[in-house]
Amino acid sequence: MCFYKMVFSTFLTVWVFITAKGIHGEIFTSLSQLKGLVRLEGALSKTLDNYLEQQSEAPDIIRKFADHVRMESQIAKSDIERYVFHPINSFQLVRRFVRHWKELGSYLEKGAPNDLQWELRINRPAFPTYQDFTGSISAILRIQEVYKLSACVVADGKLHAGNNSGRLGADECYELGVVSDSKKNYDDVIEWMREALKRMSAPYEYSGALSKVDVLEYLSWAEYKLGLLDDAIIHTKDILQKDPKNEQAKTNLDYFRAERLKRDLLTEKSPKNEINKKGQFSLTYERLCRGETRKAKERDKLFCYYDNNRPEILLKPVKVEIINLDPNLYLFHDVVTDKEINHVIKLARPKLKRAFVTDTSNGNQMSAEYRISQSAWLEDSDSSIINLISRRIQGITGLSLDPAHSEPLQVANYGIGGHYEPHHDYVQNSDRSLPHGEVGDRIATMLIYLSDVDAGGATVFLDIEEFVHPQKGDAVFWYNLDKNGFPDERTKHAACPVVVGSKWVANKWINERGQEFRRPCLPTS
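Residues numbered from 1 in each chain as written. Predicted model: local features only at pLDDT ≥ 70, side-chain atom pairs only at ≥ 80, totals over all residues. Heavy atoms only, no water.

**A closer look at the overall build of the chain**
Stated precisely, the cut-off is as follows: Helix and strand assignments follow DSSP, with helices taken as H or I runs no shorter than four residues and strands as E runs no shorter than two, numbered in order from the N terminus. Exposure is judged per residue with a 1.4 Å probe applied to protein chains only, and the accessible area is read against the type maximum: over 50% gives exposed, under 20% gives buried, and values in between give partly exposed. Values of accessible area rely on a 1.4 Å probe in the Shrake-Rupley scheme; residue burial ignores everything except the protein chains shown.
Along the chain, the regular secondary structure elements total 16 helices and 17 strands. Counting every position in the chain, which comprises 525 residues, the buried fraction comes to 52%. Within the structure as shown, the chain displays about 25700 Å² of accessible surface, and the carbon and sulfur contribution to it stands at 52%.

Rendered as structure tokens:
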């Protein structure tokens with residue numbers, strides 16, 4: 001190895017291990033972490049090109065992979081954020097590391113030592129995990145489901161007019177179908193397997209190892225599960241035409257025919273019981289995420305105004321928009337400046353970890369599939385700007401934000417399809433007891449948007465049929481408890497999946513302790 005390559009490799013190793021600490025693990029939960037992965041692939045792509053220049057007999061599959069990675073690296077290099085902010089690009093990036101870069105490393109380990117082999121081995125700790133891979137698949141399926149997108153639209157990367165991506169291939173469509181099958185979402189299985197079959201035929205150029213029999217097996221089984229027996233029989237026959245010795249297909253064909261005969265005799269035309277039915281709860285959430293509300297707003301009762309009735313905001317009044325009455329839901333405009341936002345994100349970025357939820361039965365923190373984001377906590381003492389934001393919130397709300405009366409500022413960055421399903425912010429149990437260690441409940445929430453979002457990512461309130469689209473610098477405020485200290489169940493809200501873009505928010509939760517004279521309880525009769 002020449003001196004130049006030694007210097008380059010040493011630099012790369014140091015850079016990767018610094019970066020790996022931040023990105024290894026649940027990469028898919030934060031788009032902020034994916035940018036380091038793009039840079040890593042760009043460096044590996046150059047080393048792969050150098051390796052191929054020295055190998056006259058390298059397999060064609062490696063040369064094709066090198067061409068593809070080089071092209072992706074060039075696209076990403078022009079605007080890394082724009083690249084990773086599209087979920088298809090992020091999914092394919094994670095997939096290349098989990099599938100192809102890992103396989104390439106295993107192949108090279110069988111040969112003579114070389115620079116590429118060494119760099120892949122050194123950088124292996126920074127690679128995404130299989131959990132990242134399946135998590136990114138689930139994110140795409142979540143986007144498809146919530147926003148009612150066809151498999152074809154998703155596979156073509158046309159999720160947002162301003163930011164398209166490359167297309168998914170047959171293998172990737174197949175993998176999405178397999179995960180859909182594991183979730184028993186058989187409608188999605190059918191869509192994705194049909195899309196995979198389409199992309200294995202002309203005019204698509206497919207040269208992978210996936211066989212049509214593999215795809216047809218999942219397709220026919222999903223059709224059977226949905227009671228589409230005629231289709232299931234047709235596709236099982238297709239399997240036997242391609243593989244006449246397939247014993248499982250023979251068994252399935254006999255069974256499907258018997259089931260169809262039984263159905264015809266009973267004139268039973270309804271789908272089978274295995275269909276995964278959604279509850280009204282999920283349907284309302286998804287409908288609001290799409291911006292579809294059944295609420296007939298009484299516009300004459302809603303209003304905007306400038307608030308300067310406290311000393312802290314006398315010289316700079318707050319722009320207030322009332323977006324719901326009973327319970328009151330406030331939208332404050334221009335709460336934080338771009339300079340302050342950049343400072344907050346800079347402080348939070350190195351502290352980001354998978355966001356947890358609280359088990360109210362015991363107060364323990366745990367990860368959950370219904371919350372896909374990473375978060376960091378910032379104390380007022382961390383910087384003068386964080387303290388200034390707390391003081392500003394105190395001036396706007398009139399509530400005490402002393403450290404004993406509020407939680408630190410929680411900063412969150414949402415990952416691929418990042419979301420947080422419907423929940424309440426108050427933590428008390430149904431018997432009004434508090435989890436162990438809590439000295440008071442969250443009386444109010446201030447949710448600050450630290451970024452715009454290209455598509456998706458709205459905050460929705462289920463019971464009041466309201467939604468708010470993220471707008472950088474704005475904040476939503478509401479009370480979680482009524483004036484008697486009881487939980488207001490109407491404040492159930494959710495963060496919709498991000499379709500394209502990166503969503504940064506900051507939460508400030510205010511405790512009921514210390515607010516006795518600022519928001520007194522109603523007098524008892």
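**Points about the sheet that holds strand 12 (residues 459-461)**
To be explicit about the condition: For two strands to be treated as a pair, DSSP must find no fewer than two bridges joining them. Here the axes come from fitting lines to C-alpha atoms, over the contacting stretch only for helices, and the angles between their N-to-C directions go from 0 to 180 degrees. Contacts were defined at the residue level, with two residues in contact if any of their heavy atoms lie within 4.5 Å.
Spatial strand order, 9-15-12-13: 4 strands in an open sheet with antiparallel pairing. Of all the strands in the sheet, the pair left with one neighbour each is strand 9 (420-423) and strand 13 (466-468). Across the sheet, the mean angle separating the axes of adjacent strands is 15° when strand polarity is ignored. By the bridge criterion, 3 bridges tie strand 12 to strand 13 in an arrangement that is antiparallel. Residue Phe-461 lies in a different strand from strand 13, and its bridge partner there is Glu-466. Running over the sheet, helix 14 (residues 280-289) touches strand 9, strand 12, strand 13 and strand 15 (493-495) and is turned about 135° from strand 12.

**Looking at the sheet that holds strand 1 (residues 304-307)**
Read from one edge to the other, the open sheet built from 9 strands follows the order 1-2-3-14-10-17-8-7-4, with strand pairing classed as antiparallel. Because the sheet does not close on itself, it has two edges, and the strands there are strand 1 and strand 4 (353-354). Relative to strand 14 (residues 475-479), strand 3 (residues 329-333) runs antiparallel, the two being bridged by 3 bridges. Bridged to Tyr-330 within strand 14 is Phe-477. Taken strand by strand, helix 15 (residues 338-348) contacts strand 7 (373-378), strand 8 (409-414), strand 10 (442-449) and strand 17 (503-511), and its axis lies near 100° from that of strand 7. Contacting strand 1, strand 2 (318-324), strand 3, strand 7, strand 8, strand 10, strand 14 and strand 17, helix 16 (residues 384-397) crosses the sheet at an angle of about 120° to strand 10.

**Overview of the pairing of strand 3**
The buried count for strand 3 comes to 4 of 5 residues, which makes it a mostly enclosed element. Pairing between strand 2 and strand 3: 5 bridges, direction antiparallel. Within strand 3, the position partnered with Glu-321 by the bridge is Leu-331. Between the antiparallel neighbours strand 2 and strand 3 lie 4 residues, among them Asp-326 with a positive phi of about 60°.

**Observations regarding the nonpolar core**
What counts here: What makes a nonpolar core is a set of buried Ala, Val, Leu, Ile, Met, Phe, Trp, Tyr and Cys residues whose side-chain atoms join them at distances within 4.5 Å.
Judged by nonpolar contacts, the single largest core of 85 residues is most densely connected at Leu-48, Trp-101, Leu-104 and Trp-192. Apart from residues lying up to four places away in sequence, Trp-101 is in contact with Glu-41, Leu-44, Ser-45, Leu-48, Phe-65, Val-69, Arg-96, Leu-120 and Phe-127.

**Considerations on the state of the cysteines**
To keep things clear, this is the line we draw: The criterion for a disulfide is a pair of cysteine sulfur atoms lying within 2.5 Å.
Scanning the model with the defined rule gives 1 disulfide in all. One disulfide bridge connects Cys-289 with Cys-496, the sulfur atoms lying 2.0 Å from each other. Torsion about the S-S bond of the Cys-289 and Cys-496 cystine: about -90°, corresponding to left-handed handedness. With Cys-289 in helix 14 and Cys-496 in the loop between strand 15 and strand 16 (498-500), the pair connects residues that are 207 residues apart, well separated along the chain. Assessed through its relative accessible area of 0%, Cys-496 is described here as buried.

**Describing the pattern of salt bridges**
Spelled out, the test is: Salt-bridge detection follows one rule: a side-chain nitrogen of Lys or Arg within 4 Å of a carboxyl oxygen of Asp or Glu.
In this structure the tally under the stated criterion is 29 salt bridges. Between Arg-199 and Glu-195 there is a salt bridge, and its shortest N-O distance comes to 2.9 Å. Just as Arg-199 is buried, Glu-195 falls in that class too. Its salt-bridge partner being Arg-290, residue Glu-292 comes within 3.3 Å of it at the nearest N-O pair.

**Some words on helix 7 (residues 130-146)**
Rule in force here: Expected helix span is taken as 1.5 Å per residue step, with the number of steps being one fewer than the number of residues.
If you check helix 7, its first and last C-alpha atoms are 24 Å apart, about what 17 residues at 1.5 Å a residue would give, namely 24 Å. A large share of helix 7 lies buried, amounting to 13 of its 17 residues. Looking one or two residues past helix 7, Lys-148 carries a phi angle of roughly 55°, positive in sign.

**Topic: the packing of aromatic side chains**
Using the following cut-off: Here a Phe, Tyr or Trp ring, Trp counted by its six-membered ring, pairs with any other such ring whose centre lies within 6.5 Å, and the pair is stacked when the planes are under 30 degrees apart, edge-to-face when over 60, and tilted otherwise. A ring has a charge above it when a Lys NZ or an Arg CZ is no more than 6 Å from the ring centre and no more than 35 degrees off the ring normal.
Within this structure, the stated rule accounts for 18 aromatic pairs. For the ring pair Phe-65 and Trp-101, a centre distance of 5.0 Å and an interplane angle of 75° mean the geometry is edge-to-face. With Phe-65 in helix 3 (residues 60-78) and Trp-101 in helix 5 (residues 87-108), the pair connects residues that are 36 residues apart, well separated along the chain. Judged on exposure class, the residue Phe-65 and its partner Trp-101 are both buried. An angle of 45° between the planes, with centres 5.0 Å apart, marks the rings of Trp-221 and Tyr-224 as tilted. Placement of both Trp-221 and Tyr-224 in helix 11 (residues 212-225) is noted, with a separation of 3 residues, approximately one turn of the helix. Taken together, the ring pairs in this structure connect Phe-65, Phe-97, Trp-101 and Phe-127 into an aromatic cluster. For Arg-432, the ring lying beneath its charged end belongs to Phe-486, and the centroid distance is 4.0 Å.

**Re the side chain of Ser-220**
Counted only if it meets this: Residues adjacent in sequence count toward polar contacts only when both atoms are side-chain atoms; beyond that, a polar contact is any pair of N or O atoms within 3.5 Å, and within protein one must be able to donate a hydrogen and the other to accept it.
Examined against the element boundaries, Ser-220 turns out to sit in helix 11. Reaching out from Ser-220, the side chain makes a polar contact with the backbone oxygen of Glu-217 at a distance of 3.2 Å.

**Digging into the packing of helix 5 against helix 6 (residues 115-123)**
We count it as follows: Any angle that falls under 35 degrees is termed roughly parallel, while one over 145 is termed roughly antiparallel, one within 65 to 115 roughly perpendicular, and all others oblique. A clockwise turn of the near helix away from the far one marks a right-handed crossing, whereas an anticlockwise turn of less than a right angle marks a left-handed crossing.
The contact between helix 5 and helix 6 brings their axes to 9 Å, and the two run at 125°. If you check the angle between helix 5 and helix 6, you find them oblique. Where helix 5 crosses over helix 6, the two elements pack in a sense that is left-handed. Each of Trp-101, Leu-104, Gly-105 and Leu-108 in helix 5 lies in contact with helix 6, whose residues at this interface are Leu-116, Gln-117 and Leu-120.

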